[in-house]
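Residues per chain, in single letters:
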Amino acid sequence: MDYFEETKKVSGQHPKPVGLVLEYGTAGFRAKAEQLDHVMYRMGLLAVLRSKKTACTIGVMVTASHNPEEDNGVKLVDPHGEMLASDWETYATHLANAEEQNLKSVLTNIVEKESVNLQEVARIFLGRDTRPSSQKLSQAVVDGVCDLGGAFQDYGLLSTPQLHYMVCCWNTMEQYGIATVEGYYQKLASAFIALTNQIPSHPEEMRQLYVDGANGIGALKLKEMEPYLEKKLKLNLCNNGTTGKLNYLCGADFVKVHQKPPQGLDMKANERCCSFDGDGDRIVYYYFDQSGCFHLLDGDKIATLMTTFLKELLAKADLDLQIAVVQTAYANGSSTRYIEDIMKVPVHCVNTGVKFLHHKAQEFDIGVYFEANGHGTVLFSKAAESKIRQMAQDESQKGEKSSAAKVLEHTIDLINQTVGDAISDLLTIEAILFIKGLTIQQWDLIYTDLPNRQLKVKVSDRHVIVTEDAGRRAVSPAGLQENIDTLLKKYRLSRAFVRPSGTEDVVRVYAEADTQISADTLAYEVSLVVYNMAGGVGEQPKLLH
Ligand code: 16G
Ligand code: MG
């Protein structure tokens, strides 16, 4: 039998627009929703091959995260809930771009190169966000899965991290948790309740949290979870998707990039607020102070809070475990200095993109990773986890040591170790603030961010920019980095870098310095250098103040 016979018949129902070329980028495919039907179908096919290759369940998530509502996207989730292996990203790109008549040969090629055993059974877990286009696109994935005889379970509406969790649960024979949404809520809620029960009583205002749900799936799922939290947290949910448009003037990306609050959130001075992104895998916190000044607590502040908490517990429990923080070039220089110099915790810088951070964090007993944009989590090695659990359950241990080990154990259960998860991060942050008795202002004061600015520059081919040193230095075009270095000498505490975006057709520019004016001017000057040396198109960059 010709294994790919069925795809020949059916792929015609999911035609590829002529000449359309897409790339499986940092976060999978992303494009206008109407361009993606064939990509979804083909990712259904690829997921089946990946499942057969790994002899495990594979996840397929339909989402375009913080992109506008009209966009959509898809990414595959590997067996332990990680991002798809990079060789397979290349296959995904080939498959998505193959003309109809070449589909079969591209599939055959993957099977041969990877020695995929076609007799192996395949199982796919599906999830999707709340975009109007997501249901239909997810049906196209199902068509692909079915054409290659794969079994599937469609979870319907899920946050991205929930799908990662389901895949990991299933492939670990549910050692990680039960592979249902109830299982997810119960696991997280019971860890959260156990943690907050460490502190018997608490002032009411500490429990109030305002959440901007970006009008997306995160809002929906947080609402669903609320009853499991037994009123330990009073959530005021806005931008919950009932009226507003997804990611429009709201959500974590909007707040981080514009450094201002979302629309639809009625904030009073000193109230603790946070924003999710469109698929629930990022979170940032913020507040207004008495003088009306906006304070953003981004991924770097979250990483610092979690690391402080964990390090103190390790010391109390007298556990000799190595803890490290993983960041990207976007991490604020103040955070890196604070973690390295004051906390004495090693910091590693890797390329932008969750998979790079996740991979690096796996090297340590405890690896805390966060992107400044609010995506991150904590990974515990198998050995570290079992040491902690053993101590927590050891009845001969008494006092501070034993209670610290128990808190660590609950923290492990509260954190989604498969990927950054806005709900899990929210609960972890809330539990830490609660236990440490910290207000958001006190948390904010741990260190002061250096003023910074991000800009984008349109060029004719962004790939002329090649970087090294985790995206911090440009090696091409020749002379670009030297020019940036010269500009840096003009400003105090300055740092700047440029890199081609992995999700948009632009070059990104980041600059930080001692004052906002310096950071803005430096970012502008670096943008101009990029525009002139890397083939800028359209209007020249302008100085923003
Ligand atoms: C994607 C990445 C995110 C990264 C961002 C950078 C995942 C799941 N998401 O959203 O980690 O920060 O891309 O975008 O990997 P850029 O390359 O356009 O700057
Ligand atoms: Mg996201």
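What counts, and where the lines are drawn
Residues numbered from 1 in each chain as written. Chains lettered and ligands numbered in written order. Predicted model: local features only at pLDDT ≥ 70, side-chain atom pairs only at ≥ 80, totals over all residues. Heavy atoms only, no water. Helix = DSSP H or I, 4+ residues; strand = E, 2+ residues; numbered from the N terminus. Contact = heavy atoms within 4.5 Å. Near = heavy atom within 4 Å. Polar contact = N/O pair within 3.5 Å; in protein donor to acceptor, adjacent residues only side chain to side chain. Areas by Shrake-Rupley, 256 points an atom, 1.4 Å probe, with all protein chains shown as cover. Nonpolar A, V, L, I, M, F, W, Y, C, P; charged D, E, K, R; others polar. Core = buried A, V, L, I, M, F, W, Y, C linked by side-chain atoms within 4.5 Å. Buried < 20%, exposed > 50% of the residue type's maximum accessible area, 1.4 Å probe, protein only. Axes fitted to C-alpha atoms, helices over the stretch in contact; angles between N-to-C directions. Parallel < 35°, antiparallel > 145°, perpendicular 65-115°, else oblique. Left-handed = near helix turned anticlockwise from the far one by under 90°.

**Q** Would you mind showing me how to read the environment of G535 here?
**A** Within the secondary structure layout, G535 lies in the segment after α18 (516-533). Ignoring anything within four residues of it in the chain, the contact list for G535 reads K458, V459, S460 and V530.

**Q** Before we go on, may I ask you to explain the site of ligand 1 in this structure?
**A** Near ligand 1 there are 15 residues, and of these E371, S501, G502, T503 and R508 occur at the shortest range. Between ligand 1 and the protein, one listed contact pairs an oxygen atom with a backbone N or O atom of T26 at 3.4 Å. Burial of ligand 1 by the protein amounts to 93% of the accessible area it has alone, namely 450 Å². By residue class, the composition of the shell around ligand 1 is three nonpolar, seven polar and five charged.

**Q** Is there a simple way to think about the nonpolar core in this case?
**A** Soluble globular proteins: nonpolar side chains tend toward being buried together. Ranked by size, the top nonpolar core spans 80 residues in total, and within it F276, Y285, L426, L427 and W443 carry the most contacts. At nine residues, the largest contribution of residues to this core is made by helix α10 (residues 299-317). One finds Y3, F4, L22 and V74 within the second-largest nonpolar core, a separate group that totals 45 residues.

**Q** Help me understand the side chain of Q327, please; the structure alone is not making it clear to me.
**A** Mapped onto the fold, Q327 is located in strand β11 (residues 323-328). Within polar-contact distance, the side chain of Q327 engages the side chain of T336 at 2.9 Å. Those residues in contact with Q327 that lie beyond four places of it in its chain are D300, S335, T336, I339, V347, H348, C349, V350, L357 and F370.

**Q** Teacher, can you tell me more about the packing of helix α2 (residues 37-54) against helix α5 (residues 134-147) here?
**A** The axes of two packed helices give the description: the angle between them and the distance between them. Interhelical geometry of α2 versus α5 gives an angle of 40 degrees and a closest axis separation of 7 Å. In terms of their interaxial angle, α2 and α5 are classed as oblique. Considering the relative orientation of α2 and α5, their crossing is right-handed. For the pair formed by α2 and α5, the contact residues are D37, M40, Y41, G44, L45 and V48 on the first element and L137, A140, V141, D143, G144, V145 and D147 on the second. Its residues placed into classes, the contact of α2 with α5 shows eight nonpolar, two polar and three charged.

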